[in-house]
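Inside the fold
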Amino acid sequence: MPGHVLSPYLPILVLMIIALGFGLGSLVAGMLVRPRRPYPEKLMPYESGNPPVDEPRYRFSVKFYIVAMLFVIFDVEAIFLYPWAVTFDKLGLYAFVEMMLFIAILMVGYVYAWKKDAFRWE
Amino acid sequence: MNPYLFGYLGAAILALSALSLTRKNPVHAVLYMIVMFFHLAVLYLGLGAEFLAAVQIIVYAGAILVLFLFVIMVLNIKEEMEGERFSGGWPFGIAIASGLFLLVVLITGNIVPGQQGPYTPGVIAAQTNTKLVGTLLYTQYIFPFEIASLILLVAVVGAIVLAKKKLR
């Protein structure tokens, strides 16, 4: 039995155990049920029926990295919204104005990213 | 916090960190790290710091490790997996790490607790951690909070300038 501080989080633990059990259970059930007759062609990565010409892992352009970078930044921005939302009823208009300022400053970055086509996949 | 639970979390965090350090495949290392971060989040929850736990999962397990996976994608993973996992400097690293550990062991015996501040565990537990963080962040620490948005803005611009091939 976990300590009383953690008791409210017990359902999350139960959910995680169920999710883990479902994932592992499906894999094990599949392993037990399916016939297993491998041959080299079957084990090849599927590439529209053609024999694969190259390794699936090669170096990607750094431009994909931007997406991850921007995700991290806006994720950190979103984190600030949590304590704001929890305390909003107590702090009122003052907190509203400062959060709008916060978002406005970041909106500049968002507009910049948009204008520079950072969200375009090319 | 229940000592058995703490023991499990500590052991799991150490084991997962060691696993993540010793994996040759960087993707596996990152996956062990995600599990380790979830254990850390539970540790924070046990300390009553639920906001920190949420940050741990949303920012670290969610965003930072996605960034790590992207970095691994940009690397040539095949080449990385062929070489030795550790370069020659590891005995030196172990010596430094054990020295630091010894220092921690020596110091923990002689800690003099400082004066108790206004935010004791009792006060925090009464208000809940997230609420207290919010109240302080959006009143007393409003200026650092707005500065944080500027730092994030610099990061957005910097990422685009560095990684975008041709700026329009």
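Nothing here was measured: the structure is a model prediction, and the numbers come from that model.

When its secondary structure is counted, chain B shows eight helices and zero strands. In sequence order, the secondary structure elements of chain B are arranged as α-α-α-α-α-α-α-α. If you line up chain B on its principal axes, its C-alpha atoms span 55 × 50 × 25 Å. Per-residue burial over chain B gives 30% buried out of 168 residues. Pairs at least 24 residues apart make up 60% of the contacts formed inside chain B by residues separated by at least 6 positions. For chain B, the accessible area works out to roughly 10,600 Å², and carbon and sulfur atoms hold 74% of it.

Residues and elements named next belong to chain A. The end-to-end C-alpha distance of helix 3 (residues 63-91) is 41 Å, a good match for the 42 Å that 29 residues give at a rise of 1.5 Å each. Considering bend angle alone, the principal kink of helix 3 is centred on A85 and spans about 40°. Downstream of helix 3 by a residue or two, G92 has a phi angle that is positive, lying close to 70°.

Most of helix 7 (residues 129-137) of chain B is tucked away: seven of the nine residues are buried. The complete set of buried residues in helix 7 of chain B reads N129, T130, L132, G134, T135, L136 and L137 of chain B. Each element contacted by the buried residues of helix 7 of chain B is listed here: helix 3 of chain A together with helix 3 (50-74), helix 6 (121-127) and helix 8 (142-163) of chain B.

Per the counting criterion, the structure on display carries nine aromatic pairs over all chains. Aromatic ring contacts, followed pair by pair, group F80 and F102 of chain A together with Y138 and F145 of chain B into a single cluster.

Once that is clear, we can look at the interface of chain B and chain A. Contacts between chain B and chain A engage 55 residues on the former and 54 residues on the latter. Across the interface of chain B and chain A, roughly 4,900 Å² is buried in total on both sides, 74% from carbon and sulfur atoms. The interface formed by chain B and chain A includes zero salt bridges. The tally of links between chain B and chain A comes to three residue pairs in polar contact (both at pLDDT 80 or more). The element that contributes the greatest number of residues to the side of chain B that touches chain A is helix 8 of chain B, accounting for 15 residues. Classifying every residue of the side of chain B that touches chain A gives 36 nonpolar, eleven polar and eight charged.

Even without glycine at this site, T128 of chain B takes up a positive phi of about 70°. Checked against the element boundaries, T128 of chain B lands in the loop between helix 6 and helix 7.

Turning our eyes to something else, we now look at the domain arrangement of chain B. Residue and element names in this part refer to chain B. One can read the domain layout of chain B as domain 1 (1-81) and domain 2 (123-168). Across the contact, five residues belong to domain 1 and four residues belong to domain 2. Around 320 Å² of area is buried between domain 1 and domain 2 when both sides are counted, 55% of it from carbon and sulfur atoms. Where domain 1 meets domain 2, there are zero salt bridges. At the junction of domain 1 and domain 2, the tally comes to three residue pairs in polar contact (both at pLDDT 80 or more). Classifying every residue of the side of domain 1 that touches domain 2 gives three nonpolar, one polar and one charged.

Take the packing of helix 3 of chain A against helix 3 of chain B next. The N-to-C vectors of helix 3 of chain A and helix 3 of chain B enclose an angle of 175°; their axes lie 9 Å apart at closest approach. Taken together, the axes of helix 3 of chain A and helix 3 of chain B lie roughly antiparallel to each other. Seen from helix 3 of chain A, the contacting residues are F64, Y65, A68, M69, F71, V72, D75, V76, I79, Y82 and P83 of chain A; seen from helix 3 of chain B, they are F51, V55, I58, V59, G62, A63, I64, V66, L67, F70, V71 and M73 of chain B. Tallied by class, the residues present in the contact of helix 3 of chain A with helix 3 of chain B amount to 21 nonpolar, one polar and one charged.

On to the packing of helix 3 of chain A against helix 8 of chain B. Packing of helix 3 of chain A against helix 8 of chain B brings their axes to within 9 Å, and their N-to-C directions diverge by 175°. In terms of orientation, helix 3 of chain A and helix 8 of chain B fall into the roughly antiparallel class. Every residue of helix 8 of chain B that contacts helix 3 of chain A at K63, I66, M69, L70, I73, F74, V76, E77 and F80 of chain A is listed here: F145, A148, L152, A155, V156, A159, I160 and A163 of chain B. A breakdown of the residues in the contact of helix 3 of chain A with helix 8 of chain B according to their chemical character gives 15 nonpolar, no polar and two charged.

Reading the values: the criteria
Residues numbered from 1 in each chain as written. Chains lettered and ligands numbered in written order. Predicted model: local features only at pLDDT ≥ 70, side-chain atom pairs only at ≥ 80, totals over all residues. Heavy atoms only, no water. Helix = DSSP H or I, 4+ residues; strand = E, 2+ residues; numbered from the N terminus. Buried < 20%, exposed > 50% of the residue type's maximum accessible area, 1.4 Å probe, protein only. Contact = heavy atoms within 4.5 Å. Areas by Shrake-Rupley, 256 points an atom, 1.4 Å probe, with all protein chains shown as cover. Expected span 1.5 Å × (residues − 1). Bend = angle between axes of the 7 residues up to and from the residue. Phe/Tyr/Trp six-rings, centres within 6.5 Å; stacked < 30°, edge-to-face > 60°. Buried area = accessible area lost by both parts, 1.4 Å probe. Salt bridge = Lys/Arg side-chain N within 4 Å of Asp/Glu carboxyl O. Polar contact = N/O pair within 3.5 Å; in protein donor to acceptor, adjacent residues only side chain to side chain. Nonpolar A, V, L, I, M, F, W, Y, C, P; charged D, E, K, R; others polar. Domains from an automatic or database assignment. Axes fitted to C-alpha atoms, helices over the stretch in contact; angles between N-to-C directions. Parallel < 35°, antiparallel > 145°, perpendicular 65-115°, else oblique.

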